[in-house]
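Residues per chain, in single letters:
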Amino acid sequence: MKQIRVIDSHTGGEPTRIIIAGGPDLGTASMAERVDIFRSGFDDIRTAVVCEPRGSDVWIGGLLCEPCDSNCATGIIFFNTAGYLGMCGHGTIGLMITLQHLKRIGLGDHQVETPVGTIQVRLESGNRVSLTNVPSYRLLADVEIEVPGVGPVVGDVAWGGNWFFCVKNLVEDLSIKNEPYLTNLTISIRDQLQARNVTGTEGCHIDHIELYAPARQPENHSRNFVLTPGGSYDRSPCGTGTSAKLACLMADGKVAPGTTWRQQSIVGSVFECSYQADGDRVIPTITGQAHISGESTLILDPTDPYCTGIVS
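Predicted model only: the values in this text are computed from it and were never measured.

> Any chance you could explain the overall build of the chain here in plain terms?
Across its full length, the chain holds five helices and 16 strands. A compact globule built from 312 residues would reach a C-alpha radius of gyration of about 20 Å, and the chain, at 19 Å, matches this within 12%. Looking at the chain as a whole, 54% of its 312 residues are labelled buried. Across the chain, every contact between residues at least 6 apart in sequence was considered, and the portion connecting residues at least 24 apart equals 63%. By element, 47% of the accessible surface of the chain is carried by carbon and sulfur atoms, the whole surface being about 12,700 Å².

Structure (structure tokens):
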């Protein structure tokens, strides 16, 4: 029986499960190349860790890797029930709290190597983490699609480490009680984007859909609902989604560099965000809080018919 040691955390309510021992050896290639090795040779580890019966669509997993750059605290590959992620904001915040829990890092500045680039991160007191995300930008503005049963939906296609469709013309009731409707709505939007061949660069699938509404407290600027690739919603305000949103706000001249933008999630947790301009791109800084929620050893019993997860 194979054993995999993990540490679980949550960032603003969104869970992260980091493999700290027992994961696959992906060699010493670049992080982007190691994703391909993981996908082609060890995908059953991904499904075993985050799919039911051990996980669910809401879980984000991460595999600690030896970084190519010795200046980095670690390398990381993030994944979920649908596949692999280039970057994960809430996951990076949870990762840093996990490394602190393991006594591998202390307060201060660190670097993390991801498949889409090196991320600058600061571990602060009070379980707070600030990360400087990859350069983010708006690719397409005011894209209109017709969604059956809804009508015309207008939004921006933006990159924040993952591809997002940031909806601009729908103001829904972004509350937990309305989650089933919001999930079905955003899945329909995602399906129509795919049907109409609206993509990111080089035909990349837009796998995150983001809705917005006014925040519930005056100190916050916006409340969001983010559909993630597995079909679940992000309990946190979504780090890569907030980065994509900042890129759109800059492009529209609505938020100046250095201004703090407080993005609230559907469950009420908040990320504090700002950016520096880099031409038509933004360099976002996201600050959030994470907490350790568990340590465990996953048992992969080959006689278990669902050893590697329940996969649709």
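> How do you make sense of the layout of surface pockets when you look at a structure like this?
Taken as a whole, the largest pocket holds about 290 Å³ of empty space. Those elements giving two or more residues to the lining of the largest pocket turn out to be β11 (163-167), β12 (208-213) and α5 (239-251). Here the element with the most residues in the lining of the largest pocket is α5; it accounts for three residues. Across the lining of the largest pocket, the residue classes tally to nine nonpolar, two polar and five charged.

> What is the right way to look at the pairing of strand β1 (residues 2-11) in this model?
Look at any regular strand and the pattern is simple: side chains alternate between the two faces of the sheet. The pairing of β1 with strand β16 (residues 281-300) spans ten bridges and is classified as antiparallel. Following the sheet pairing, Ile4 is matched in β16 by Leu298. Pairing of β1 with strand β2 (residues 14-21) involves seven bridges; the strand directions are antiparallel. Residue Val6 lies in a different strand from β2, and its bridge partner there is Ile19. Counting the residues in the hairpin turn of β1 and β2 gives two residues, including Gly12, whose phi is positive at 60°.

> Help me out: how do you make sense of unusual backbone geometry in this one?
Excluding glycine, most residues fall at negative phi; most peptide bonds, likewise, are trans. With an omega of 10°, the peptide bond between Glu52 and Pro53 qualifies as cis. Within the chain, Asn127 stands out as a residue other than glycine whose phi angle is a positive 65°. Mapped onto the elements of the fold, Asn127 is located in the loop between β7 (117-123) and β8 (128-132).

> When you look at the packing of aromatic side chains in this model, what are you seeing that I'm missing?
When we look at a pair of aromatic rings, we describe it by the centre distance and by the angle of the planes. Considering all chains together, one arrives at six aromatic pairs under this definition. Through pairs of rings, three or more aromatic residues link up here, namely Phe38, Phe79 and Tyr84. Here the guanidinium or amino end of Arg235 rests over the ring plane of Tyr233, the centre of that ring lying 3.8 Å away. Just above the ring of Tyr212 sits the side chain of Lys245; from NZ or CZ to the centre is 3.8 Å.

> What is the right way to look at empty space enclosed by the protein in this model?
Take a probe with the size of a water molecule and roll it over the atoms, and the empty space left behind shows itself. Within the structure shown, the criterion is met by one cavity of 30 Å³ or more. Size it by volume and the largest cavity reaches roughly 100 Å³. Broken down by secondary-structure element, the contributors of at least two residues to the lining of the largest cavity are α3 (89-101) and α5. Looking at the lining of the largest cavity, its residues break down into five nonpolar, seven polar and two charged.

> Explain the pattern of salt bridges here, please?
Close approach of charged atoms allows side chains with opposite charge to pair. All chains considered together, the criterion is met by 13 salt bridges. Among the ionic pairs, Asp252 bridges to Lys168, the shortest N-O distance being 3.7 Å. Of this pair, Asp252 sits in the loop between α5 and β14 (261-264) while Lys168 sits in the loop between β11 and α4 (179-195), and the two are 84 residues apart along the sequence. Here Lys177 ties to Asp173 by a salt bridge, and the two come within 2.9 Å at their closest N and O atoms. Each member of the salt-bridge network shares a partner with another, and the members are Arg138, Asp142, Asp156, Lys168 and Asp252.

Thresholds, definitions, all that
Residues numbered from 1 in each chain as written. Predicted model: local features only at pLDDT ≥ 70, side-chain atom pairs only at ≥ 80, totals over all residues. Heavy atoms only, no water. Helix = DSSP H or I, 4+ residues; strand = E, 2+ residues; numbered from the N terminus. Rg over C-alpha atoms; globule rule 2.2 N^0.38 Å. Buried < 20%, exposed > 50% of the residue type's maximum accessible area, 1.4 Å probe, protein only. Contact = heavy atoms within 4.5 Å. Areas by Shrake-Rupley, 256 points an atom, 1.4 Å probe, with all protein chains shown as cover. 1 Å grid on protein atoms, 1.4 Å probe; cavity = no way out; pocket = protein on both sides within 12 Å on 5 of 7 lines; lining within 4 Å. Points joined across faces, edges and corners; volume = space filled by probe spheres on them. Nonpolar A, V, L, I, M, F, W, Y, C, P; charged D, E, K, R; others polar. Pairing = 2+ DSSP bridges. Phe/Tyr/Trp six-rings, centres within 6.5 Å; stacked < 30°, edge-to-face > 60°. Lys NZ or Arg CZ within 6 Å of the ring centre and 35° of its normal. Salt bridge = Lys/Arg side-chain N within 4 Å of Asp/Glu carboxyl O.

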